[in-house]
Amino acid sequence: MRCSSTSPAVQQPQNSESLVQGAAAHWIAPDRLLWFADRGADRYELRFSANADISVTTAGVSGGDAIPLTPGADLTSAQSETWPHMADWPAFSLASDRNLAQQAIRGPVFAIAYDSEGNVTQATRVQVPGLIDSFFRFDGTLGPVYQGDDIVLRVWAPTAHSLSLSLYDDAKNEAGSVAGSYDTETGVWTFTGPAAEWDRKFYRLAIRVWHHENGLINEYEVTDPYSVSLSTDSYFSQFADLAGDARLKPAGWDDIRKQQPRPVDITLYEAHVRDFSIFDQSVPELHRGTFMAFTHNGKGGRSLSNGMRHLIALQEAGLTHLHLLPVNDITTVIENRDERIDLDQPYSRLCEQMPDAEELKPYCERFGDTPIYEAFKELAAEDPATTSIQLPYSIRGRYQSLARMDGFNWGYDPFHFNAVEGSYSTDPNGVQRIIEFREMVKALHEIGLKLVVDVVYNHTSAHGLERRSVLDRVVPGYYQRYDVVSGEIETSTCCPNTAAEHYMKERLLIDSVVFWAKYYKVDSFRFDLMGHHPREVMERLMDALAELTLEEHGVDGKNIYVYGEGWNFGEVADNRIFFQATQFNMNGTGIGNFNDRKRDGIRGRNFTDSGRFQGFTSGQYLFPNEDAGADRSQQRSDLLFQADQIRVGMAGNLRSYPFINRTGERVTGITDRIGYTDLPQETVNYIDKHDNETLWDNTQTKLPHDMSMDDRVRVHLLSLAFINYGQGVPFHQMGSDILRSKSLDRNSFDSGDWFNEVDFTLQTHNWGRGLPPSWDNERNWDRQREFLTNPVIRVEEAHMRLAHEVFRDQLRVRYSSPLFRLETAEEIKTRVMFHNTGPDQQPGIIAMTISDGRCAGPSLDPNLDGMLVIFNAHNEPQTFETGLRGMRLHDLLVSGADAVVKTADISADGTVSLPPLTAAVFVKPQGNMQGDFVCNLN
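Residues numbered from 1 in each chain as written. Predicted model: local features only at pLDDT ≥ 70, side-chain atom pairs only at ≥ 80, totals over all residues. Heavy atoms only, no water.

1. Description of the sheet that holds strand E25 (residues 450-455)
1) Next: Strand order in the closed barrel formed by eight strands is E21-E22-E25-E26-E27-E28-E31-E32, and the pairing between neighbours is parallel. Put simply, the sheet's adjacent strands are angled 30° from each other on average, direction ignored.
2) Next: Across four bridges, the pairing between strand E26 (residues 524-527) and strand E27 (residues 561-564) is parallel. Directly across from Phe527, in E27, lies its bridge partner Gly564.
3) Next: Lying on the sheet, helix H12 (residues 432-446) is in contact with strand E22 (321-324) and E25; it crosses E25 at an angle near 135°. (Pairing = 2+ DSSP bridges. Helix = DSSP H or I, 4+ residues; strand = E, 2+ residues; numbered from the N terminus. Axes fitted to C-alpha atoms, helices over the stretch in contact; angles between N-to-C directions. Contact = heavy atoms within 4.5 Å.)

Right, dumping it as structure tokens:
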């Protein structure tokens, strides 16, 4: 990699001090600059230099060109709407045009205030994304495109002084340099070459550009932001023809047609590529932890793996979509397997890597060449709360910890947005990753599963001049979001934030999602921290996807389901910079948002955040744990509020859903900021996902210590039933159906295969595998040890098998009737009604009816007049009078795996007898002449 720097932006004369502070001025339009300048100054100017020769010091100002700034300007309404967080800043007018702007953005720009004697009273760097958006937008195709006999590569880099294309052969030896043409209207550099010579060639971009990080004009090579294929560990981009090259397509790829279900007919199952198969002995060793593991689906003469057997069983019960954590190119996993340390390698590899780590030496002497996995098993068997297992993950200092050396990471650290991650391929060097990803998509399609990919456009893994920084090295200061005063990078998402409010960053986001849908036939997209994007960007994305058709692309773009995390926080919070894509802003878009209100009501908030505070199913008021305290009145109040959260969530989390709340008031779903949707598809109902403790782990912290294992399993299944029996889109973490544990790890993003293992043979379980890594857990180790060593909690195969079978029964029940999957708010408001509400309700009972009777309108289910879905969160039997006649227990529960629910009964007069910790569904067959089924007439 070539890299050099020249031309200091602020040349420092001897014995002088720079007067430039922060980056607190913003050139938002050709004629407008925003800046809280010194009001007492005599004059103001903007100074720029493409040669980066400006000096602003105590010795004076020199270099560059100056433009007068005139204070007292106004903003247009459009400018105020575009820059709401600075709309009340003082505005300056100035004169500029495209030619001047082109010079200005290629070097440093400063805003300077002077007193009457010409002394500098204030100086700051100017941020210029607004100016770039004014003059250098591009709406064409970026990245490599195969056109006839040529390859055309377009790179948007308006701030670059020069840009050339460096070609490399298979051995990564430089094979030539190609000059490009620059379009002053769009800021795009174009390179054209013969496809016969360039196809499969590796390449890099040699760029000369000024960067604010070091204040220099730098020369270095960088990969293509729109790369579609890469070398191992992403050092080189590669030309590849995803559209026309048959060698990159599995047999029959072009014939696949991805028809989409209604969003309300979707159930989501969130998995991680590596978790799914890394320990699956039924998968060939080379394929474990890769896309190819999913091809062992038993079709076309291929073997059937344990993991795929599990997915097929869920699909046959009703599961529709497999959600994979990020599959695009990431930074944190070493793609070359020979350079990694994984758990199948000898413990001595750790010792060689960290020879002076004193705390590791006793284990090095003990285990020697024992595989790391087997060593960990011994340690956990001796002490389920040992710290010795997490030790290699937590060692820091001058050594790489195991977390940095192994093949595991969730992948929320994007490197290249349009390229497939190489560590999930059998060969990370080049196009094999493309082929194998498509093989996976095809294999999932063959068993009837749609594919969701997790996308991360809200941040990058690096910024500035660091090698893993791509966007910020190609167009410095544009794609990322910087503090408006200091100019420091915003990192509220965990990492360097991006700025989709800037036009070409929005373009990248939309181009990328459409790329994955078009060329990989991805069916759905889950957006990480979606609230850090503008709502209007997400709406324009939906419009762009809708242009993909089954006839032309094999993709039903208008029905692709998009959902995400609409959390409201950080520098963008409360619509400060733009109207966000957050929960309470997205109603009416059809885009889904995770429903944490229903989650918290069911299970209680996360243990890490709220300790042993119990949820509706985990004992609040009904069977308090040892830390619950003596205030029974408050516990009852908390339980009734949780019940309201659950009821609104069960009704599609509708803002407008009418019901009687815990105080006896007639309210709607938005009361207490619970409901936020206009359409049921806009709520993604979940109880656990990769973040925070798993459902099993979180629940164990809430339950009384002496609760039996059978009851613990029932609490778990009752919690899942609230998700599977509600209106909206159910979402489950892979393994929740088999009581998945991560040994209480709340943030297993880099905790390795040991803490993230899922065993579909049900021979192992992750509870009591040692205290989880210290970085996010150490402050809770004392409490975690208390739970992990509880002798009552012993998860056996029978527990996991029962959980899996009951979960499948719940899915079957959901898909047995369209009444569980109502499509509109009006249908829900008419058909869904809750009983046992108000201040005098029977605590711990939630009873919901869904009507298909005459009062509900046109019949949706030819077999039913309606159904009763009822939940008993008590650990004792309960009776409840419904007044409903002609009901019977659902046939699928009568024949199902749960022997306890089979004892649930409803009498002729409608009195329900419910066993403890049970969810039951009673149905009224159509044609039963015992009166019309009840409707919600509130």
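On we go from here.
2. So, the packing of H12 against helix H14 (residues 503-520)
Helix-helix packing: each pair is described by the crossing angle between the helix axes and the interaxial distance.
1) Next: At their nearest, the axes of H12 and H14 sit 11 Å apart, and the two run at 70° to each other. In terms of their interaxial angle, H12 and H14 are classed as roughly perpendicular. Facing H12, whose interface residues are Ile434, Phe437, Arg438 and Val441, H14 presents Trp516, Tyr519 and Tyr520.
2) Next: In the contact of H12 with H14, the residues fall into six nonpolar, no polar and one charged. (Parallel < 35°, antiparallel > 145°, perpendicular 65-115°, else oblique. Nonpolar A, V, L, I, M, F, W, Y, C, P; charged D, E, K, R; others polar.)

3. Overview of the state of the cysteines
1) Next: As enumerated under the stated definition, the model contains three disulfides in all.
2) Next: There is a disulfide in this structure between Cys494 and Cys495, and the S-S distance comes to 2.3 Å. Taking the sign of the torsion about the S-S bond as the criterion, the disulfide between Cys494 and Cys495, at about -85°, is left-handed.
3) Next: Take the cysteines of the protein chain that form disulfides and number them in order along the sequence; they join up as 1-2, 3-4, 5-6. (Disulfide = S-S within 2.5 Å.)

4. Looking at helix H17 (residues 596-603)
Helical geometry note: an α-helix holds 3.6 residues per turn, so side chains three or four residues apart project in the same direction.
1) Next: With eight of its eight residues buried, H17 lies for the most part within the structure.
2) Next: Every buried residue of H17 is accounted for by Asp596, Arg597, Lys598, Arg599, Asp600, Gly601, Ile602 and Arg603.
3) Next: Buried positions along H17 lie against strand E28 (592-595), helix H19 (632-650), strand E31 (683-686), helix H20 (695-702) and helix H21 (709-724).
4) Next: By the N-cap criterion, in which a side-chain oxygen at the helix start approaches the backbone nitrogen of a residue two or three places on, H17 is capped by Asn595, the distance to Arg597 being 3.1 Å.
5) Next: Looking one or two residues past H17, Gly604 carries a phi angle of roughly 85°, positive in sign. (Buried < 20%, exposed > 50% of the residue type's maximum accessible area, 1.4 Å probe, protein only. Polar contact = N/O pair within 3.5 Å; in protein donor to acceptor, adjacent residues only side chain to side chain.)

5. A short note on unusual backbone geometry
1) Next: The residue Leu529 is not glycine, and still its phi comes out positive at about 45°.
2) Next: Inspection of the secondary structure assignment puts Leu529 in the loop between E26 and helix H15 (535-545).
3) Next: Residue Leu529 is classed as buried on the basis of its relative accessible area of 10%.
4) Next: Non-glycine residue Leu739 carries a positive phi angle of around 65°.
5) Next: Within the element layout of this structure, Leu739 appears in the loop between strand E32 (729-733) and helix H22 (752-756).
6) Next: Looking at Leu739, the relative accessible area reads 0%, which means it is buried.

6. Looking at the environment of Asn497
1) Next: By the secondary structure assignment, Asn497 is in the loop between helix H13 (471-474) and H14.
2) Next: By relative accessible area, Asn497 is classed as buried at 0%.
3) Next: In the structure, Asn497 is positioned 334 residues away from Leu163 in sequence and 26 Å away in space, judged by C-alpha atoms.
4) Next: In this view, Asn497 contacts Asn458, His459, Gln480, Arg481, Ile489, Glu490, Thr491, Ser492, His532 and Glu571; residues no more than four positions away in its chain are not counted.
5) Next: Within polar-contact distance, the side chain of Asn497 engages the side chain of Ser492 at 3.0 Å.

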